[in-house]
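Observations on the three-dimensional arrangement
Chain by chain, the residues run as shown.
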Amino acid sequence: MTNNHEYTIALAGNPNTGKSTLFNVLTGLRQHTGNWPGKTVVHAEGFFTYKDEQYRIIDLPGTYSLYSNSADEEVARDFIIFAKPDVTLVVLDATALERNLNLALQVLEMTDRVIVCLNLMDEAKKKGIIIDIAKLSKKLGVPVVPISARNKEGIDELLETIARMVHGEIQTKPTKISYSRTIEEKIAKLLPLVKEVIGDEYPARWIALRLLDGDTSLLHALQSQPHHLLKGGAHYGCHCSAKSI
Amino acid sequence: MTQVKLERLCDAQPGERFRITKINIEGTMKRRLLDLGFVPGCEVTVLQKSPLGDPTAYRVSHTTIALRNEESSNIYGERIRDDKQS
């Protein structure tokens, strides 16, 4: 094998959506678990090969959100933002979409390399739930793949979608959430400052939103990143965040 | 505007349904409640109280979540009456 490049896939999703089932299906026994450095949050990572290419897959902790600042959520958020996986797979419970889409939208604000994976489709069918996959995909602006990890259904299509995304064959345009006018005005004011401080390294709009929310945990995480970028910049950020809304 | 008198979620009894209008909590706890599905406009069913009366289990968008009085007394809305009388 000449191609040594390894693609990184992150698995995000609410608790009990079958993330780990999918993780096991994809990796088989090629996985190991431990803790995230400095945190008592379980870290599971595994490997698989698809069409002669290597993939590393990280099973992020199951969370309802990425904002509430528990250790689990910090781990998931930091991985998506700082490790920049080639694809973030958001696993949703097809029987409870309303609840699950919250996290999906949060991830879509952070990155455009997202595939939404509707798991538990067999359960949904049993409950008589019908989901218009094409429409959901169009509304979210990213691919949506229905699967049943337990029955190993839809895995091929999922792998194919992942492969096409890492090779840049899929263009996504994640739905952009518009906020109230006051918030949008503040975002517009912050955006150039954020871009000046962090460049294009991180999603500026998302960072601006976190600053407006007074998210100090993110600022700490940014500061502890081994980057050149925050020379006095964090200071800047702190000032802005004081303008809470 | 006709002001409906708002009730507290903690005063709703097991079996009753409740529609949330307002959450009088700030900061991360509010964020957490929103993430768990306690969103203004949504319907909550009171499932049961624990033996000592606190916490109470609620059903909210297909999941059971237990809240302490501390939180549920700051969630306001109205009880959804059964259609028997109306």
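Per chain, residues are indexed from 1 in the order of the written sequence. Each chain is given a letter, starting from A, and each ligand a number, starting from 1, according to the order in which they appear as written. In view of the model being predicted, local features appear only for residues whose pLDDT reaches at least 70, and side-chain atom pairs are presented and counted only at 80 or more, with totals across whole chains, interfaces and linings using the full set of residues.

If you look chain B up in an unreviewed UniProt entry, it shows as Ferrous iron transport protein A from Anoxybacteroides tepidamans.

Per an unreviewed UniProt entry, the recorded name for chain A is Small GTP-binding protein, and the organism is Anoxybacteroides tepidamans.

1. A few points about the confidence of the model for chain A
All names here are of chain A. We apply this condition: Per-residue confidence from the predictor is reported as pLDDT, a score between 0 and 100. Only DSSP runs of H or I covering at least 4 residues are called helices, and only runs of E covering at least 2 are called strands; the numbering of each starts at the N terminus. Contact criterion: two residues are in contact if their C-beta atoms, reconstructed from the backbone, are within 7 Å.
Residues with a pLDDT of 70 or more make up 89% of chain A, whose mean pLDDT is 86. Here helix H10 (residues 233-241) stands out as the element of chain A with the lowest mean pLDDT, 40, in contrast to strand E7 (residues 144-146), whose mean of 97 is the highest. Counting contacts from residues 228-245, a segment whose pLDDT is below 50, to residues more than four positions away or on other chains yields 28 contacts.

2. Focus on the sheet that holds strand E5 (residues 87-93) of chain A
Residues and elements named next belong to chain A. Test applied: Paired strands, in this sense, are two strands between which DSSP finds at least two bridges. Axis geometry follows a simple rule: fit a line to the C-alpha atoms, using only the stretch in contact for helices, then measure angles between N-to-C directions, giving values from 0 to 180 degrees.
In spatial order, the strands read E2-E3-E4-E1-E5-E6-E7; together these 7 strands make up an open sheet with mixed pairing. At either margin of the open sheet sits one strand with a lone partner, and together these are strand E2 (31-35) and E7. Along the sheet, successive strands turn relative to each other by an average axial angle of 25°, direction set aside. Pairing of E5 with strand E6 (residues 114-119) involves 6 bridges; the strand directions are parallel. Considered in E6, the bridge of Thr88 is made with Val114. The strands that helix H2 (residues 71-83) touches are strand E1 (6-13), strand E4 (53-59) and E5; relative to E1, the one it contacts most, it runs at about 150°.

3. Remarks on the domain arrangement of chain A
Interface extent is often summarised as the accessible area lost during association of the parts. All names here are of chain A. For the record, the criterion: For the domains described, the bounds stem from an automatic or database domain assignment. When residues are sorted by character, Ala, Val, Leu, Ile, Met, Phe, Trp, Tyr, Cys and Pro go into the nonpolar class, Asp, Glu, Lys and Arg into the charged class, and all the rest, Gly among them, into the polar class.
Each assigned domain of chain A is listed with its residue range as follows: domain 1 (6-166) and domain 2 (181-241). For domain 1 versus domain 2, the distance between C-alpha centres works out to 27 Å. At the junction of the two partners, domain 1 supplies 8 residues and domain 2 supplies 6 residues. Only H2 and helix H3 (97-110) provide two or more residues apiece to the side of domain 1 that touches domain 2. Looking at side-chain class alone, the side of domain 1 that touches domain 2 contains 3 nonpolar, 2 polar and 3 charged residues.

4. Remarks on the UniProt feature "domain: Ferrous iron transporter FeoA-like" (unreviewed entry) in chain B
Where we set the bar: UniProt positions are given in the numbering used here, feature names are shortened, and annotations may be inferred rather than shown by experiment.
Listed under "domain: Ferrous iron transporter FeoA-like" (unreviewed entry) in the UniProt record, and renumbered for this structure, are residues 7-79 of chain B. Structurally, residues 7-79 of chain B is divided into 19% helix and 42% strand, and its ends, taken at the C-alpha atoms, are 7 Å apart.

5. A closer look at the sheet that holds strand E3 (residues 43-49) of chain B
Residue and element names in this part refer to chain B. Strand order in the open sheet formed by 6 strands is E1-E6-E2-E3-E4-E5, with antiparallel pairing between adjacent strands. If you trace the sheet from one side to the other, it starts and ends with strand E1 (7-8) and strand E5 (63-67), each paired once. Bridge count between strand E2 (residues 17-23) and strand E6 (residues 75-80): 6 bridges; the pairing is antiparallel. Of the residues in E6, the one forming a bridge with Arg17 is Ile80.

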